[in-house]
Amino acid sequence: MSLEEPESAAITREQYESLLDAAETYREALVVRCCGEVGLRPAELKRVTIDAIDQVRTEPPRYLLRLPDSRVAYLPTSIERELRRYARSNGLSSDEPVFSVSTRRLQMLLVEVAERASDRFDEPALESISTNDLRRYFLETALTDHGINPLVVKRVGGWGSFEALESYLPSPTDAEIVDEFASLETGSSDRAGSERTVSDGSVVRSLLAASERCALVRLDADGYVDRWNRSAESVFGYRAGEIVGTHVSALYADEAVERGRPDQTLTRALEESGYEAEGWRVRRDGSRFRAAEIVTPLRDDRHRLQGFALLVYDVSEYHTRLEEARSDRETLEQAYGVATRHRALTDALLEATSHEEVETVTCRALTEGRTYDVAWIDRTTHSDRHGNWRTTSGLEADRVDRLVPEGWSEPRPSAPDREPPEDGPDSGTTLPELDESTVGLAETAEARSVSVATDVEATLEDDPGVFEGRVAAVPLWYGDTVYGRLSVATERPGAFDEAERAWLETIGRQVGYAIAAIRRRNLLLSDRVVELEFVCRDEGSFFVETTRRLDCRFQLDSLVPLSDSTQLYYVRLEGASPAEVFERAEADPGIDDCRLIETYEDAYRLEFVVEGSSPTLTLTEYGVTVCEARFEEGVATITAECAADADIRTVVAGLRSAFPDSELAGKRETERPVQTGREFREGLEERLTDRQEAALRAAYSGGYYDWPRESTAEEIADAMGVSSPTLHSHLRKGQHELLRTFFDDPSGEE
């Protein structure tokens with residue numbers, strides 16, 4: 001066997017790291033590490049398998065690599081993990097070679113890594129590094145950097161003699177020689193002393209001295225303190241002279257002594273040959289601490305009772321941590337419960353098909369589980385202002401009033417009592433009476449935050465059910481309309497914190513939106529609709545008050561909703577100048593912007609951006625579609641449509657809440673006309689001239705309306721044989737007819 005003497009100095013740590021950085025594959029990095037950190041030769045790399053890895057220690061885990069011919073190498077834990085990971089990722093069995101290539105290929109692989117490192121880091125010396133250089137790096141690192149026994153290094157590196165190792169071992173100094181032989185001068189007595197065993201008593205004393213929270217006390221057969229050491233003094237604060245001869249009950253809390261707990265503990269220790277307990281203990285200064293104790297009887301060789309051994313450990317810190325953890329867990333469970341109820345409510349709202357069903361599923365979803373005990377939704381009765389609960393869950397409706405905290409304001413009534421005419425125009429039906437019917441809590445949402453009452457007490461049953469907890473209420477709103485008030489009651493301590501209030505506010509918006517969406521959907525899907533006519537004289541409406549002041553007339557041409565609280569009005573003005581109207585609009589906070597669109601012979605077309613409350617917006621939020629509106633002589637007459645099964649009382653009350661001087665003038669149920677696609681196209685063709693239709697068709701087919709455009713207007717005009725201005729004229733008029741047919745009612749055209 002070659003002595004493998006080094007021909008030059010081993011590579012440096014920086015050069016070795018450069019080789020690892022230059023490795024581009026998992027296998028290349030493993031080969032470099034097995035040579036430089038395990039000391040394997042290329043031929044030995046071929047024989048590495050997972051079966052060759054031997055775990056020789058468990059705590060902490062340590063490994064050897066056992067190769068054929070009794071070759072043993074030390075395998076660092078990190079490389080052991082990498083070898084197993086490489087084998088798993090390549091689907092290798094435990095007895096298959098990890099590096100299934102030839103020895104020559106392994107050598108060439110290292111040459112490629114060295115050349116790559118030389119080019120990448122511009123260091124020519126790296127190019128000539130071989131597997132022998134890596135083994136020398138392993139040898140020098142083990143001997144000089146880590147000071148490993150040369151005999152061990154020789155064994156794990158596979159060297160046949162010490163000659164290959166000698167050049168790496170520094171020559172010992174005089175001081176090192178003296179230190180190594182110092183043990184010869186100390187004699188054999190110290191060695192003998194070092195072999196003395198440590199008694200169990202000294203071990204116990206050492207453990208007690210290491211902590212100020214553990215006390216060992218010896219009691220006599222009657223439970224009086226017999227021995228008291230320093231560990232007990234540090235825990236309880238008594239000196240031995242103060243406590244010896246005192247009954248063990250002096251260490252217990254007064255209530256425990258009154259219950260006879262000290263004597264019970266000693267009795268159970270005798271019966272069970274040892275007893276463990278936990279409870280409050282008392283120090284000399286009267287302070288309490290949480291303690292865990294072990295009591296065991298002490299007997300002589302004849303099994304006669306000699307006393308008791310009492311081990312007390314102060315667990316106050318751990319008990320505090322445990323209570324904090326329990327509190328945190330309860331907080332998380334409560335937050336999870338709130339989130340779960342919200343998620344269940346969201347799922348239920350998606351399935352609801354009516355206002356009443358929304359209220360029902362809301363209350364039911366919130367009271368399932370342990371988050372809320374009772375939930376209810378109330379609306380205001382129009383005549384007597386008393387809350388009439390439409391839906392409750394968790395408690396009967398006639399008992400809910402007991403949970404309403406004193407001082408909570410009742411929901412504001414919709415409007416002053418006003419009876420509509422018994423018979424509406426154009427109808428032989430009787431209008432609904434509003435005085436005794438339950439209607440929505442139709443008030444503008446001035447305050448949409450959650451109201452909370454703590455320390456609520458109520459007797460819910462004759463015997464002996466008493467509610468002690470908290471109640472919270474949140475309005476159900478959408479836009480500027482409130483549809484009701486949701487209240488929930490719970491006995492959970494700490495309920496309705498800031499996060500939970502935010503949840504409830506979201507629920508209030510969510511349920512209000514669901515109610516509004518259902519009403520609008522029902523209107524869209526209904527084959528029969530109810531046509532309603534409203535009259536509003538309320539000065540809160542800009543258009544009503546302007547016609548009263550200027551003696552003018554507004555006719556609504558089109559209404560475009562921009563957001564939940566903003567609408568775009570296009571109106572026809574007669575009897576006043578736009579300047580007079582604009583002057584009043586500037587002073588009205590509800591008008592965000594206005595402008596003149598078109599001037600006619602005796603009228604004007606104006607545009608208004610209306611912010612905030614308006615009669616049409618209120619009706620829209622209640623699922624009503626506004627068809628026509630005219631304003632003259634201080635009176636607004638609004639014609640609207642709603643679904644046949646809509647709650648008209650709620651709609652009327654909602655309008656009155658925002659504009660009290662309003663009333664329902666009439667209603668009638670009509671069939672909704674259905675126009676087929678063919679009828680729509682035929683009606684449109686009748687309104688387009690031949691040239692307009694030809695221009696639109698040519699522009700559409702020629703890609704004029706594509707983006708980016710496939711053809712310009714000039715190209716379309718050339719193809720049709722007309723001028724560009726003529727084409728634009730036909731297109732503009734044709735597009736106007738298309739839009740007018742879609743947005744307007746052709747039947748109303750004069």
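Residues numbered from 1 in each chain as written. Predicted model: local features only at pLDDT ≥ 70, side-chain atom pairs only at ≥ 80, totals over all residues. Heavy atoms only, no water.

Draft legend 1. Up close: the pairing of strand S8 (residues 305-314). Pairing of strand S4 (residues 214-219) with S8, which is carried by 6 bridges, proceeds in the antiparallel orientation. Residue Leu-216 lies in a different strand from S8, and its bridge partner there is Leu-311. Direction of pairing for strand S7 (residues 288-299) relative to S8: antiparallel, over a ladder of 9 bridges. Across the sheet, residue Glu-293 finds its bridge partner in S8, namely Val-312. (Pairing = 2+ DSSP bridges. Helix = DSSP H or I, 4+ residues; strand = E, 2+ residues; numbered from the N terminus.)

Draft legend 2. Seen up close, helix H6 (residues 131-145). Between its first and last C-alpha atoms H6 spans 20 Å; for 15 residues at 1.5 Å apiece the expected length is 21 Å, and the two agree. A large share of H6 lies buried, amounting to 11 of its 15 residues. Listing the buried residues of H6 in full gives Thr-131, Asp-133, Leu-134, Arg-135, Arg-136, Tyr-137, Phe-138, Leu-139, Thr-141, Ala-142 and Leu-143. Where H6 ends, the next residue or the one after it, Gly-147, has phi of about 60°, a positive value. (Expected span 1.5 Å × (residues − 1). Buried < 20%, exposed > 50% of the residue type's maximum accessible area, 1.4 Å probe, protein only.)

Draft legend 3. Focus on the state of the cysteines. Within this structure, the stated rule accounts for 0 disulfides. Among the cysteines around Cys-35, which has no disulfide bond, Cys-34 carries the closest sulfur, lying 7.0 Å off. Judged by its relative accessible area of 0%, Cys-35 is buried. (Disulfide = S-S within 2.5 Å.)

Draft legend 4. Representation of a negative patch on the surface within the structure. On the surface, Asp-373, Asp-455, Glu-457, Glu-468 and Glu-491 cluster together to form a negatively charged patch. The topology assignment puts Glu-491 in the loop between strand S13 (481-490) and helix H18 (498-525). (Patch = residues over 30% accessible without salt bridge, like charges linked within 9 Å, V, L, I, M, F, W, Y side chains within 5 Å. Areas by Shrake-Rupley, 256 points an atom, 1.4 Å probe, with all protein chains shown as cover. Salt bridge = Lys/Arg side-chain N within 4 Å of Asp/Glu carboxyl O. Lys, Arg positive; Asp, Glu negative; His and termini not counted. Charge placed at Lys NZ, Arg CZ, Asp CG, Glu CD.)

Draft legend 5. Broad picture of the packing of helix H16 (residues 316-351) against helix H17 (residues 355-367). Two numbers describe how H16 lies on H17: the axes approach to 9 Å, and their chain directions differ by 155°. As summarised for this structure, H16 and H17 are arranged roughly antiparallel, according to the angle between their axes. As H16 packs across H17, the resulting crossing turns out to be right-handed. Residue-level inspection shows Arg-341, Ala-344, Leu-345, Ala-348, Leu-349 and Glu-351 of H16 in contact with H17, the latter providing Glu-357, Val-358, Val-361, Thr-362, Ala-365 and Leu-366. (Axes fitted to C-alpha atoms, helices over the stretch in contact; angles between N-to-C directions. Parallel < 35°, antiparallel > 145°, perpendicular 65-115°, else oblique. Left-handed = near helix turned anticlockwise from the far one by under 90°. Contact = heavy atoms within 4.5 Å.)

Draft legend 6. Representation of the sheet that holds S4 within the structure. With respect to topology, 5 strands assemble into an open sheet ordered S5-S4-S8-S7-S6, the strand pairing being antiparallel. Of all the strands in the sheet, just strand S5 (225-228) and strand S6 (275-282) have a single pairing partner and so form its edges. Between one strand and the next, the sheet's axes are offset by a mean angle of 30°, whatever the strand orientation. Of the strands in this sheet, S4, S6, S7 and S8 are in contact with helix H15 (residues 261-272), which crosses S7 at around 40°. Against the sheet, H16 contacts S6, S7 and S8, and its axis sits at roughly 125° relative to S7.

Draft legend 7. Seen up close, the pattern of salt bridges. Per the stated rule, a full pass over the model turns up 34 salt bridges. In this structure, Arg-136 and Asp-133 form a salt bridge, with 2.2 Å as the shortest nitrogen-oxygen distance. With Arg-136 and Asp-133 both in helix H6 and 3 residues apart, this pair spans about one turn of that helix. For the residue pair Arg-136 and Asp-133, the accessibility class agrees, reading buried in each case. Two residues, Arg-492 and Glu-500, come together in a salt bridge whose shortest N-O distance is 2.6 Å. Each member of the pair, Arg-492 together with Glu-500, is buried. Three or more residues are tied together by salt bridges with common partners; here these are Glu-24, Glu-28, Arg-116 and Arg-120.

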